[in-house]
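Structural overview
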Amino acid sequence: MNRLIIVGSPRVDGRSAALAEQLFEACVEDCPEDEVALVPVATLDIGGCRGCDQCRETDEGGAHRCVIEGDDMRELYALLDDADELVVVSPVYFAGPPAQLKALLDRLQPYFWSDARAGAKRPAVLHVVGEGGDPHGFEPLVGIVRSALACAGFTLETVYDWVGKIDENGQITAEADVRDAACEGQRRA
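Quantities reported herein were computed from a predicted structural model and do not represent experimental measurements.

In this section: the overall build of the chain. In terms of helices and strands, the chain carries five helices and six strands. Secondary structure of the chain in N-to-C order comes out as β-α-β-α-β-α-α-β-α-β-β. The C-alpha atoms of the chain give a radius of gyration of 16 Å, which matches the 16 Å a tight globule of 189 residues would have. Buried residues in the chain amount to 41% of all 189 residues. Relative to all contacts within the chain whose residues are 6 or more apart in sequence, the contacts with residues 24 or more apart total 76%. Just so you have it, the chain exposes about 9,800 Å², and 48% of that area is on carbon and sulfur atoms.

Here's what the structure looks like:
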């Protein structure tokens, strides 16, 4: 099995990075025969989507491709295509994703035009990390991640709420609240 862990934080040494490293180590220890890749957006150069709609058209090979070249997204597309399971670890910024993660999610647009969104879905989970105190929660983050990943052929199955449960040194101080991602949109009622 190929697992991909994307760390959505702009900081390489924050709470999200610490949790992602623990998840990575657990995957390696529990399933040594599996391939596991840890990809922090803080170390990537990913330009934002230009909204040019060129990915709507297919290339000579019949694939939908982003026309932006020269950044790290090409390598990430390959990792996403090979992933059997996806884990996203993200801080919550004003109820949504940080800009660096949002740029990555927006660049999944070529998948929207392909058959990836209509085919069988691979599992994905989201670990939400934050200091806490935002009165608006993080439902927008969940919705954005769910939508973008669905286009890329994943289904967000579970959300782990780590908000206020990891200290500034990356130490886990309490267990995550686990939510069924399918029910997240129904919480607003």
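What follows continues from the structure just given.
In this section: the nonpolar core. Counting residues in each nonpolar core, the largest one holds 34 residues, and the members touching the most others are I6, L76, L80, L86, L108, L126 and L149. Those elements giving two or more residues to this core turn out to be strand 1 (2-7), helix 2 (73-82), strand 3 (85-91), helix 3 (99-106), strand 4 (122-129), helix 5 (139-151) and strand 5 (154-161). Top element by residues in this core is helix 5. It accounts for five residues. The contacts of L149, once residues within four sequence positions are left out, are L86, V88, L105, L108, A124 and F154. Formed by 13 residues, the second largest nonpolar core is a distinct cluster that contains A20, V89, V129 and W162.

The side chains of a regular strand alternate, residue by residue, between the two faces of the sheet. Counting buried positions along strand 3 yields six of seven residues, so the element is predominantly enclosed. Across six bridges, strand 3 lies against strand 4 in parallel orientation. Bridge pairing in strand 4 places V89 opposite H127.

Moving on, we get to the environment of K121. Relative to the elements of secondary structure, K121 occurs in the loop between helix 4 (109-113) and strand 4. For K121 and G70, which are 51 residues apart along the polypeptide, the C-alpha to C-alpha distance reads 29 Å. Not counting the four nearest positions on each side in its chain, K121 is found in contact with A116, A150, G153, F154 and T155. Of the polar contacts made by the side chain of K121, one reaches the backbone oxygen of A150; its length is 2.7 Å.

The tally for this structure, following the rule as stated, stands at zero disulfides. Left unpaired, C49 is separated from the closest cysteine sulfur, that of C55, by 6.4 Å. Sulfur of C151: no disulfide; nearest cysteine sulfur belongs to C55 and is 11 Å away.

Below, the discussion takes up the sheet that holds strand 4. Pairing is mixed in the open sheet, where six strands are placed in the order 2-1-3-4-5-6. Bordering the open sheet on either side are strand 2 (35-40) and strand 6 (177-180), each of which pairs with just one other strand. Each strand axis lies, on average, 20° off the axis of its neighbour in the sheet, ignoring direction. Contacts from helix 5 reach strand 3, strand 4, strand 5 and strand 6 within the one sheet, and its direction differs from that of strand 5 by about 155°.

This next bit is on the pattern of salt bridges. If you walk through the whole model with that rule in mind, you get eight salt bridges. Note that R65 and D59 form a salt bridge whose closest N and O atoms lie 2.8 Å from each other. The salt bridge partner of D71 is R107, with a shortest N-O separation of 2.6 Å. Separated by 36 residues along the polypeptide, D71 in the loop between strand 2 and helix 2 and R107 in the loop between helix 3 and helix 4 bring together distant segments of the chain. Both residues of the pair, D71 and R107, belong to the buried class. Linked by salt bridges that have partners in common, R3, D34 and E85 make up one network.

Criteria and cut-off values
- Residues numbered from 1 in each chain as written.
- Predicted model: local features only at pLDDT ≥ 70, side-chain atom pairs only at ≥ 80, totals over all residues.
- Heavy atoms only, no water.
- Helix = DSSP H or I, 4+ residues; strand = E, 2+ residues; numbered from the N terminus.
- Rg over C-alpha atoms; globule rule 2.2 N^0.38 Å.
- Buried < 20%, exposed > 50% of the residue type's maximum accessible area, 1.4 Å probe, protein only.
- Contact = heavy atoms within 4.5 Å.
- Areas by Shrake-Rupley, 256 points an atom, 1.4 Å probe, with all protein chains shown as cover.
- Core = buried A, V, L, I, M, F, W, Y, C linked by side-chain atoms within 4.5 Å.
- Pairing = 2+ DSSP bridges.
- Polar contact = N/O pair within 3.5 Å; in protein donor to acceptor, adjacent residues only side chain to side chain.
- Disulfide = S-S within 2.5 Å.
- Axes fitted to C-alpha atoms, helices over the stretch in contact; angles between N-to-C directions.
- Salt bridge = Lys/Arg side-chain N within 4 Å of Asp/Glu carboxyl O.

In short, the description is geometric, and any link to function would need to be established separately.
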